[in-house]
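Here are the chains, one letter per residue:
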Amino acid sequence: MSTSSTVLSEEQFLCSVCLDVFTDPVSIPCGHNFCKVCIREYWNTTALCQCPLCKDTFNTRPDLKTNTTLREVADHFKRMKVRDREESSSKPGEVAQVQQMIQERLLKVKEIKLSVELSQRDAEREIAGSVEVFTALVRSIERSQGEVIEVVEEKQKAAERQAEGLIEELEQEITELLRTGTELDPLHQNSPSPVKGWSEISVHRDLHVGTVRKALSQLEEMLHNEMEKLCNAELKMIRQWSVDVTLDPDTAHPNLIVSENRKQVSYGDKGQILPDLPKRFDMHLSVLGKEGFSSGRFYFEVQVRGKIEWQVGVARESIIRKGPKVKSPDAGLWALYMKGENKYEIKDTPPIPLFLSQKPQKVGVFVDYKEGQISFYDVENMSHIYSFSGCTFTEKLYPFFNPCDNSEGPNSFVFFQIYFPHFSV
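This text gives an overview of the structure that appears in the document. (Residues numbered from 1 in each chain as written. Predicted model: local features only at pLDDT ≥ 70, side-chain atom pairs only at ≥ 80, totals over all residues. Heavy atoms only, no water.)

1. Structural notes on the packing of aromatic side chains
The final tally for this structure, using the stated rule, is 10 aromatic pairs. When the ring of Trp241 is compared with that of Phe366, the centres are 6.1 Å apart and the planes differ by 40°; the resulting orientation is tilted. Residue Trp241 is located in the loop between α5 (209-238) and β3 (256-258), and its partner Phe366 is located in strand β11 (residues 362-368); the two are separated by 125 residues in the primary sequence. Relative accessible area serves as the criterion here: at 24%, Trp241 is assigned to the partly exposed category. Between Phe293 and Phe298, the ring centres sit 4.1 Å apart and the planes meet at 15°, which makes this aromatic pair stacked. For the pair formed by Phe293 and Phe298, the shared burial category is buried. Linked through ring pairs, Trp334, Tyr369 and Phe393 together constitute an aromatic cluster. The side chain of Arg321 reaches across the aromatic face of Phe281, ending 5.5 Å from its centre. (Phe/Tyr/Trp six-rings, centres within 6.5 Å; stacked < 30°, edge-to-face > 60°. Helix = DSSP H or I, 4+ residues; strand = E, 2+ residues; numbered from the N terminus. Buried < 20%, exposed > 50% of the residue type's maximum accessible area, 1.4 Å probe, protein only. Lys NZ or Arg CZ within 6 Å of the ring centre and 35° of its normal.)

What follows is the structure in structure tokens.
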């Protein structure tokens, strides 16, 4: 074996998570090094952001930057191992190639096993969380049901006590009247003593509607709080797939004004003189993101604060750019539409009206290409708005923005602002 590879110990270049030679090594604040994929996967499965070795805990997930020096040394070590195997072989080229193929497949096996293990942990955590939530919900329903039954029964007992009192009083008056009737002197026509008037007295039936409604309102509030917690956790999770969206001015309608940094777009009353490019919209007041996506997952956020009409979503690459407006998934557009003060709908055939309790100020859009899902979120209110599911994507998808005109009121020069949300634990 050559001197270079014997001087370097393999243990010096092993990641403590995957137990293999570093691949794209990164350093974290405590000074320890790991494969970038390994440390990301590890943090995704733990409640705390901490070092797997020394257990140092970090308040926020550190930015991971490649340790270029360690990467070069690890790559050099790998090359030395391959060269040593080639030098000791009677057929260096073929054996080295076979060994390299074996190593690649062994690495892939480890990667798959690690993914399955992490997926299992995610599934167990998800199941445990769902059991906890639904158990608490069932207990609350049972408790609320018990409270309703108790209140209704107590009201019924009170009504029975009232009725018993009235009956007793009536029976006493009947007895008194009977006695008075037998003692009356027919010659003197004595009048009976005055008695209580009963025409307006009754025992009212309690409908108990308010009791049940109050209990259901409390359950509704509890559900809302649980939904908010779940959505908050969901947003934190999907933000790891955040992409830095910039606008493509070559797709923008001539009436749209795209900022120099390509992060803002607004409607202008006067059309600009621009080249009539094939990918430019000429009837849609729309613009697409610069980058398209044909696999994986991606997420972006758009500020719509101050606007009273807008569309946000994703569009397939072949969306019609010239002529009639496209308004549905069948034509390649999946969008959320605000069409006036507190009027929202999902662009579909037919459109699906939405009733939102709060006006979104920032909209999050998440796409899972493989699963065929597109979801919209109210970021600041931490609530889920709507999801398309079961979609089939066969071409690139692009972020889609339409700031709309002034038909619903003053809406010009109010900017869409596209954000790049940084992922943090």
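2. Brief notes about the pattern of salt bridges
Scanning the model with the defined rule gives 15 salt bridges in all. Across the pair Asp244 and Lys263 runs a salt bridge whose closest N-O atoms are separated by 2.3 Å. Here the residue Asp244 occupies a position in the loop between α5 and β3, and Lys263 occupies one in the loop between β3 and β4 (264-267), the gap between them amounting to 19 residues. Here Asp244 falls in the partly exposed class, since its relative accessible area comes to 49%. Among the ionic pairs, Lys339 bridges to Glu345, the shortest N-O distance being 3.0 Å. In this structure Lys339 comes out as partly exposed when scored by relative accessible area, which is 31%. (Salt bridge = Lys/Arg side-chain N within 4 Å of Asp/Glu carboxyl O.)

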